[in-house]
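Structural description and commentary
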Amino acid sequence: MGLLDSILGRSKPVRPDLDQLFAVPSAALTLQAATGFTPTGLGSVCFAGVEGGAFARVRQDVRDLLDADTGRGGIPVEFSRDDYGYTWLLAGHAPDDTAGLVNDLHAVNTLLQDGGFGPQLLCSLIGFRDPQGRSLALVYLYKRGTFYPFAPVPGGGEKRDSQLELQVRAVLGDDLRVEGDLARWFPVWGAPGI
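Worth saying up front: this structure is predicted, and the values here are computed from it rather than measured. (Residues numbered from 1 in each chain as written. Predicted model: local features only at pLDDT ≥ 70, side-chain atom pairs only at ≥ 80, totals over all residues. Heavy atoms only, no water.)

**Quick notes on the overall build of the chain**
Within the chain one finds five helices and six strands. What you see in the chain, going N to C, is helices and strands ordered as α-α-β-α-β-β-α-β-β-β-α. Counting all 194 residues of the chain, 41% fall into the buried class. When the accessible area of the chain is evaluated, it comes to approximately 10000 Å², of which 52% is carbon and sulfur surface. (Helix = DSSP H or I, 4+ residues; strand = E, 2+ residues; numbered from the N terminus. Buried < 20%, exposed > 50% of the residue type's maximum accessible area, 1.4 Å probe, protein only. Areas by Shrake-Rupley, 256 points an atom, 1.4 Å probe, with all protein chains shown as cover.)

Put into structure tokens, the structure is as follows:
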């Protein structure tokens, strides 16, 4: 970073660290002990879709990799597109296999990044639920290298449980690199896996 950047208040963006996802299984144990939220076994990756043969090949590689164990009872991967035009990949594992789910999400992110589509990656999320049926997602912001909790209010339309989100931030502050700027805690309404 140069002098001009310092004067103009610009800073270098945090370099994404996909390996941060591997902290989620440990954080899930902390989350369960402190709040009762347990993994659902569902997680997703959101990316801006692009057209072209190279992207189609990477997308097929992702599908082939994650669907490799469907013959042995594995859950097939699902692709969907949201109202904003972003593509979501939904992966599933047994609820007690958070490590396997994280491995799949990491593999998707890595394949996209290695294929030259890293700038299209937006976020990854891992779903949780508590005994009362409330949903929670730990969202990893690819471009920030940080996590934040997202807790939609059950049956509340597009309302968030901000108190729960702040509670989860306090609980997981030692386990995950939590996003400090609350303005970056974007809602992910209707995201697969929540």
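Next comes the rest of the description.
**Side note on the nonpolar core**
Counting 35 residues, the largest nonpolar core has Leu89 and Phe128 as its most contacted members. Every element with two or more residues in this core is listed here: α2 (24–35), β1 (38–48), α3 (53–66), β3 (86–92), α4 (98–117), β4 (121–129), β5 (135–141) and α5 (162–172). With six residues, the single largest contributor to this core is α4. When residues no more than four places from it in sequence are discounted, the contact partners of Leu89 are Gly43, Ser44, Val45, Phe47, Val62, Leu66, Val77, Glu78, Phe79 and Val108. Of all hydrophobic cores here, the second largest spans twelve residues; its members include Val139, Leu141, Phe150 and Ala191. (Core = buried A, V, L, I, M, F, W, Y, C linked by side-chain atoms within 4.5 Å. Contact = heavy atoms within 4.5 Å.)

**Description of the confidence of the model for the chain**
For the chain, per-residue confidence averages 85 on the pLDDT scale, and residues scoring 70 or more make up 85% of the total. Within the chain, helix α1 (residues 3–8) has the poorest average pLDDT of any element, 53, and strand β6 (residues 146–150) the best, 97. (pLDDT = per-residue confidence, 0-100.)

**Structural notes on the pattern of salt bridges**
Enumeration according to the criterion identifies five salt bridges in this entry. Here Arg134 and Asp130 are joined by a salt bridge, their closest N and O atoms 2.7 Å apart. Residue classification places Asp130 among the buried positions, given a relative accessible area of 5%. Across the salt bridge formed by Arg184 and Asp181, the nearest N and O atoms sit 3.8 Å from each other. (Salt bridge = Lys/Arg side-chain N within 4 Å of Asp/Glu carboxyl O.)

**Points about the pairing of β1**
Of all eleven residues in β1, eight are buried; the element is thus mostly enclosed. Sheet topology places β1 next to β4; seven bridges connect them, and they run antiparallel. By the bridge assignment for β4, Pro39 is matched with Phe128. (Pairing = 2+ DSSP bridges.)

**Describing the sheet that holds β3**
Judged by pairing direction, the sheet is antiparallel, and its six strands sit side by side in the order β2-β3-β1-β4-β5-β6 without closing on themselves. The strands lining the two open edges of the sheet, one partner per strand, are β2 (78–81) and β6. Averaged over all neighbouring strand pairs, the angle between strand axes comes to 25 degrees, with direction disregarded. Relative to β6, β5 runs antiparallel, the two being bridged by five bridges. Note on β6: the bridge partner recorded for Tyr140 is Phe147. Set on the sheet, α2 makes contact with β1, β4, β5 and β6; between it and β4 the angle comes to about 35 degrees. Packing of α5 onto the sheet brings it into contact with β5 and β6, and relative to β6 it is tilted by some 140 degrees. (Axes fitted to C-alpha atoms, helices over the stretch in contact; angles between N-to-C directions.)

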